[in-house]
Amino acid sequence: MLSAMKRIPLIGAILIGLAFPACADPRLDALVAAYPDRLASYSDTELVWKDGSRMPLGTRQSTLPFAERLDRASIRDQFAIPYPLASSPFQGPALDSDPGRLRNEAFFLKMYGDCRKGEVTSKLRAVPWLQDHGGGTIRITAVNGVANQLEKVSRELDRLPAAMIAYLVPTSGTYNCRPIAETNRLSVHAFGAAIDINARFGDYWLWSKRPDGAVIWRNRIPKEIVEIFERHGFIWGGRWYHNDTPHFEYRPELIALAKQGWPRE
Ligand SMILES: [Zn+2]
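Let me sum up the structure you'll find in this document. Quick caveat: nothing in here was measured; it's all calculated off a predicted structure. (Residues numbered from 1 in each chain as written. Predicted model: local features only at pLDDT ≥ 70, side-chain atom pairs only at ≥ 80, totals over all residues. Heavy atoms only, no water.)

1. Some details on the sheet that holds strand β7 (residues 234–236)
Sheets are built from strands paired through backbone hydrogen bonds, the pairs being either parallel or antiparallel. For clarity, the cut-off: Strand pairing is assigned whenever DSSP identifies at least 2 bridges connecting the two strands. Counting from the N terminus, the helices are the DSSP runs of H or I reaching at least four residues and the strands are the DSSP runs of E reaching at least two. Between N-to-C directions, angles cover 0 to 180 degrees, with each direction set by a line fitted to C-alpha atoms, over the stretch in contact for helices. We call two residues contacting when some pair of their heavy atoms lies within 4.5 Å.
Reading across from one edge, β6-β8-β7 is the order of the three strands in this open sheet, with antiparallel pairing throughout. At either margin of the open sheet sits one strand with a lone partner, and together these are β6 (194–196) and β7. Between one strand and the next, the sheet's axes are offset by a mean angle of 25°, whatever the strand orientation. Sheet topology places β7 next to strand β8 (residues 247–250); three bridges connect them, and they run antiparallel. Each bridged residue has a counterpart across the sheet, and for F234 the counterpart in β8 is Y250. Those strands touched by helix α5 (residues 146–157) are β6, β7 and β8, and its axis lies near 65° from that of β7.

2. What about the state of the cysteines?
Cut-off, in case you're wondering: Only a pair of cysteine sulfur atoms within 2.5 Å qualifies as a disulfide here. A 1.4 Å probe rolled over the protein chains alone gives each residue an accessible area, and that area as a share of the maximum for its type sets the label: buried under 20%, exposed over 50%, partly exposed in between.
Tallied over the full model, the rule gives one disulfide. Between C115 and C177 runs a disulfide, and the two sulfur atoms are separated by 2.1 Å. The S-S bond linking C115 to C177 shows a torsion near 75°; that makes this disulfide right-handed. Residue C115 is found in the loop between α4 (105–112) and β4 (124–128), and its partner C177 is found in the loop between α5 and β6; the two are separated by 62 residues along the sequence. Note on C115: relative accessible area 8%, which makes it buried. For C177, a relative accessible area of 34% corresponds to the partly exposed category.

3. Topic: the packing of aromatic side chains
Rules: Two rings belonging to Phe, Tyr or Trp (six-membered ring only in the last case) form a pair when the distance between their centres is within 6.5 Å. Interplanar angles under 30 degrees mark stacking, angles over 60 mark edge-to-face geometry, and anything in between is tilted. Remark: a charge is flagged as sitting over a ring if the NZ atom of Lys or the CZ atom of Arg is within 6 Å of the ring centre and within 35 degrees of the ring normal.
Overall, the coordinates contain 13 aromatic pairs when judged by the stated rule. Each residue in the set Y35, W49, F107, F108, Y112 and F191 is aromatic and connected to the rest through ring pairs, giving one cluster. Across the ring face of W49, the terminal group of K110 is positioned such that the distance to the ring centre comes to 5.3 Å.

4. A word on the environment of R54
Worth spelling out the cut-off: Polar contact criterion, stated in full: a pair of N or O atoms within 3.5 Å, where within protein one must be able to donate a hydrogen and the other to accept it, and residues adjacent in sequence count only if both atoms are side-chain atoms.
Take R54: it is sitting in strand β3 (residues 54–56). What makes R54 partly exposed here is its relative accessible area of 47%. Taking the C-alpha atoms as reference points, R54 and A40, 14 residues apart in sequence, are found 10.0 Å from one another. Setting aside chain neighbours within four positions, we find R54 in contact with S43, E46, L47 and V48. Polar side-chain contacts of R54 include one of 2.7 Å to the side chain of E46.

5. Regarding the coordination of the zinc ion
The following threshold applies: In this description, a donor is an N, O or S atom within 2.8 Å of the metal centre, a cutoff extended to 3.2 Å for sodium, potassium and calcium. Water is not part of the atom list, which can make sites seem incomplete.
Around the zinc ion, the protein contributes the donor atoms H189 (NE2), D196 (OD) and H247 (ND1), which lie 2.0 to 2.1 Å from the metal centre. In terms of primary sequence, the donors binding the zinc ion are separated according to H-x6-D-x50-H. Looking at H189, the relative accessible area reads 2%, which means it is buried.

Okay, here's the thing in structure tokens:
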């Protein structure tokens, strides 16, 4: 049996351990906080879901070439490239700087369901899109409150000056059970958690790639639109070297980290 003298430090150590887990990681804290309905906690090696299932976090430092990393991204890889917020200069990102484009497919399948098995459509909710400007109705996942957040985005966009409405109405789609162009990876549209605003004003790296493979970054989307999406947890494909400027997807953990100034210098 422990003596009273020995018990006190032991209890103290346990309490400190609970408050400051040895593996505390601000990125994973942001991830768990962003999806409170589904995620519970994490250990040094695994993400723990509310239903008790566990997923490997992956290695801390990947040495894979970028193209392979896209195909086999781990949960930790999702944070490898920090997301800059709208106040940052609007300019072309550095080579392969695609914040949010590294996605662990198992994580997204578990979070939103597999559209190929009919698991996504039942979770979609109809949301009015720019009601004051005849935007009709769009369907987006209700998981994680994504539909509620997009509804807030829509209401704010509706109040923008008339000249900006053409960028938003009509939209070029939300849910679509399809892979990303020229890949086998599912698009975030397949999870019902992404929207493309009017593609007529959009620029996409695959359309503008030069014969030598270099990407020409170009954007016509006003920053006022981007700022509204980001305020409600959606990241923008215009911040990617492999740009996709009409594209927005729900990744509130990346926005939260950007607000915290992660990574700190
Ligand atoms: Zn898209």
